[in-house]
Amino acid sequence: MSYEFLQQYWWFLIALLGGLLVFLMFVQGGNSMLSSLGRSPEERRLLVNSTGRKWEFTFTTLVTFGGAFFASFPLFYSTSFGGAYWLWMIILFSFVLQAVSYEFQNKLGNLLGPRTFQRFLLLNGILGPLLLGGAVATFFTGSNFIIDKANITDFGQPVISQWANHWHGLDALVNPWNLVFGLSVFFLARVLGCLYIINNVNDENIRCRASVRLVGAAVPFLILFLAFFIYVLLKDGYAYDPATGEIFMEPNKYLHNLLQMWYVALVLVIGVVLLLYAIIRTAVSKSYIKGIWPGGIGVVLAVLALLLCAGWNNTAYYPSNVDLQSSLTIANSCSSEFTLRTMAIVSLLIPFVLAYIFYAWRKIDSRKIDLDEINKGEAY
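Counting restarts for each chain, with residues numbered from 1 along the sequence as it is written. Thresholds applied to this predicted model are a pLDDT of at least 70 for local features of residues and 80 or more for the giving and counting of side-chain atom pairs; totals over whole chains, interfaces and linings are not thresholded and use all residues. Side-chain metrics in this entry use all non-hydrogen atoms of the structure; hydrogen atoms and water are not considered.

### A short note on the packing of aromatic side chains
Now for step 1: Aromatic pairing here means that ring centres of Phe, Tyr or Trp (its six-membered ring) are within 6.5 Å. Orientation follows from the plane angle: under 30 degrees is stacked, over 60 is edge-to-face, and everything else is tilted. Tallied over the full model, the rule gives 42 aromatic pairs.
Now for step 2: Between F117 and F120 the ring centres are 5.8 Å apart and the planes differ by 85°, which places this aromatic pair in the edge-to-face class. Of this pair, F117 and F120 both sit in helix α8 (residues 114-141), 3 residues apart, which is roughly one turn of the helix.
Now for step 3: Partly exposed describes any residue whose relative accessible area lies between the buried limit of under 20% and the exposed limit of over 50%, with all areas from a 1.4 Å probe on protein chains only and scaled to the type maximum. With a relative accessible area of 7%, F117 lands in the buried category.
Now for step 4: Each ring, one from F186 and one from F187, has its centre 5.1 Å from the other, and the planes form 65°; the classification is edge-to-face. You'll find F186 and F187 in the same group, each marked buried. Strands are runs of DSSP state E lasting at least 2 residues, helices are runs of H or I lasting at least 4, and numbering of each runs from the N terminus.

Here you go:
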């Protein structure tokens, strides 16, 4: 395994984790619709327990995504997580708020009441997908940072990456295209939330409402995602010369990436088709409840393809709008060859971890959740 192969391999793993994270945000999507899908306290508790059995998967994947970035591309971790910390702190706070809400909303001595904690879940359901989408959009639109590796020799302040303004990540929300993509991820989470609830909750009234909300979320998602996708294909992209490392602007770079990496484009098309199939079949058929599976697989494939397009084929995956040569590529921001090689061996355990997650998921969902189960068993 060459050093270049290891860089490509670890970017693939990062992209795959990103796809899994977006899929698992059906938890946030479901929480953002608690009040509209659950008309009574019993129905809302049923929905909370449905998503509450999966929230650890989402949180764990988010932490693993950040940890994998830290281990394989530490310069990105120090630049984005260290410089854009206000954006990431809000995201992490919303997920911590989610965990606290699940655990304490129906505990004895809860002075705030269940509805307060359900509003916290609603807050996470909105902020989580919106801000994560805005952060990921900067892979295509760029961020405001400066990198000077010569500072590593400065014993007084050996900081090689600095944010170029005092917004520290919140400036990403000023770019309208970042908001467009963030909103598309928000509505995608709602689409996945509807598909998941239809599959997981054995209540006809909730399923009927979820089918209506599915269409209401799918339409704005498709409009926003298509607008952002066309914008990305037509805009100038951030390319680099692998021989010299020089970064330059290339017209229609991301369109060229998809044309040159036809296999990535094929994965993207398959992912979009699977998602559309899940949405359409679930919307037109009252008896079809398994849309979360083709839809979820489609989302993982589509996000995987988008992130590969952002980092492969000599593309700067984290562009700097302040200093073009500070932009990060998988070549100039990765760990040492020894580190990547060692972690590549450890990554062989990933299939076993996925197998355990699949097994645990099947055990949890061995029976569709209903009000009888909530009243008899331990519930949130």
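So that's the structure; there's more coming.
### Details of the side chain of S50
Now for step 1: With respect to the helices and strands, S50 occurs in helix α4 (residues 41-52).
Now for step 2: Taking the relative accessible area as the measure of exposure, S50 reaches 0% and is therefore buried.
Now for step 3: Of the polar contacts made by the side chain of S50, one reaches the side chain of N200; its length is 2.6 Å.
Now for step 4: By definition in these notes, contact holds between two residues if any of their heavy atoms fall within 4.5 Å. Each residue touching S50, except ones within four places of it in the same chain, is listed here: Y196, N200, V201 and I369. Any N or O atom pair separated by 3.5 Å or less is treated as a polar contact, with the protein-specific requirement of one donor-capable and one acceptor-capable atom, and with residues adjacent in sequence counted only for side-chain atom pairs.

### A short note on the pattern of salt bridges
Now for step 1: For salt bridges, the criterion is a side-chain nitrogen of Lys or Arg within 4 Å of an Asp or Glu carboxyl oxygen. Taken as a whole, this structure holds 3 salt bridges when the rule is applied.
Now for step 2: Among the ionic pairs, R209 bridges to E43, the shortest N-O distance being 2.8 Å. Of this pair, R209 sits in helix α10 (residues 204-234) while E43 sits in helix α4; the two residues are 166 residues apart in sequence, bridging distant segments of the chain. When sorted by exposure, R209 lands in the same class as E43, which is buried.
Now for step 3: The closest approach of N and O atoms between E250 and K253, which form a salt bridge, is 4.0 Å. A single burial state applies to E250 and to K253, both of which are buried.

### Re the pairing of strand β3 (residues 237-240)
Now for step 1: Burial along β3 is two-sided: the face carrying G237 and A239 and the face carrying Y238 and Y240 are both buried.
Now for step 2: Strand direction decides the pairing type here: β3 and strand β4 (residues 247-250), joined by 4 bridges, are antiparallel. Considered in β4, the bridge of G237 is made with E250.
Now for step 3: Here the rule is simple: two strands pair whenever DSSP picks up at least two bridges between them. Between β3 and β4, which follow one another and run antiparallel, lie 6 residues, and G245 among them has a positive phi close to 80°.

### Some details on the packing of helix α5 (residues 55-72) against helix α6 (residues 74-83)
A pair of packed helices is captured by two measures, namely the crossing angle of their axes and the spacing between those axes.
Now for step 1: It is at 5 Å that the axes of α5 and α6 come closest, and there the two elements cross at 120°. Relative to α6, α5 is oriented oblique. On α6, the residues touching G66, F69, F70, A71 and S72 of α5 are P74, F76, Y77 and F81.
Now for step 2: Classification used: nonpolar for Ala, Val, Leu, Ile, Met, Phe, Trp, Tyr, Cys and Pro, charged for Asp, Glu, Lys and Arg, polar for all others including Gly. Looking at side-chain class alone, the contact of α5 with α6 contains 7 nonpolar, 2 polar and no charged residues. Here an angle of 0 to 180 degrees is reported between the N-to-C directions of two axes, which are lines fitted to C-alpha atoms, with helices fitted over the stretch in contact. Note that the term roughly parallel is reserved for angles under 35 degrees, roughly antiparallel for angles over 145, roughly perpendicular for angles of 65 to 115, and oblique for everything else.

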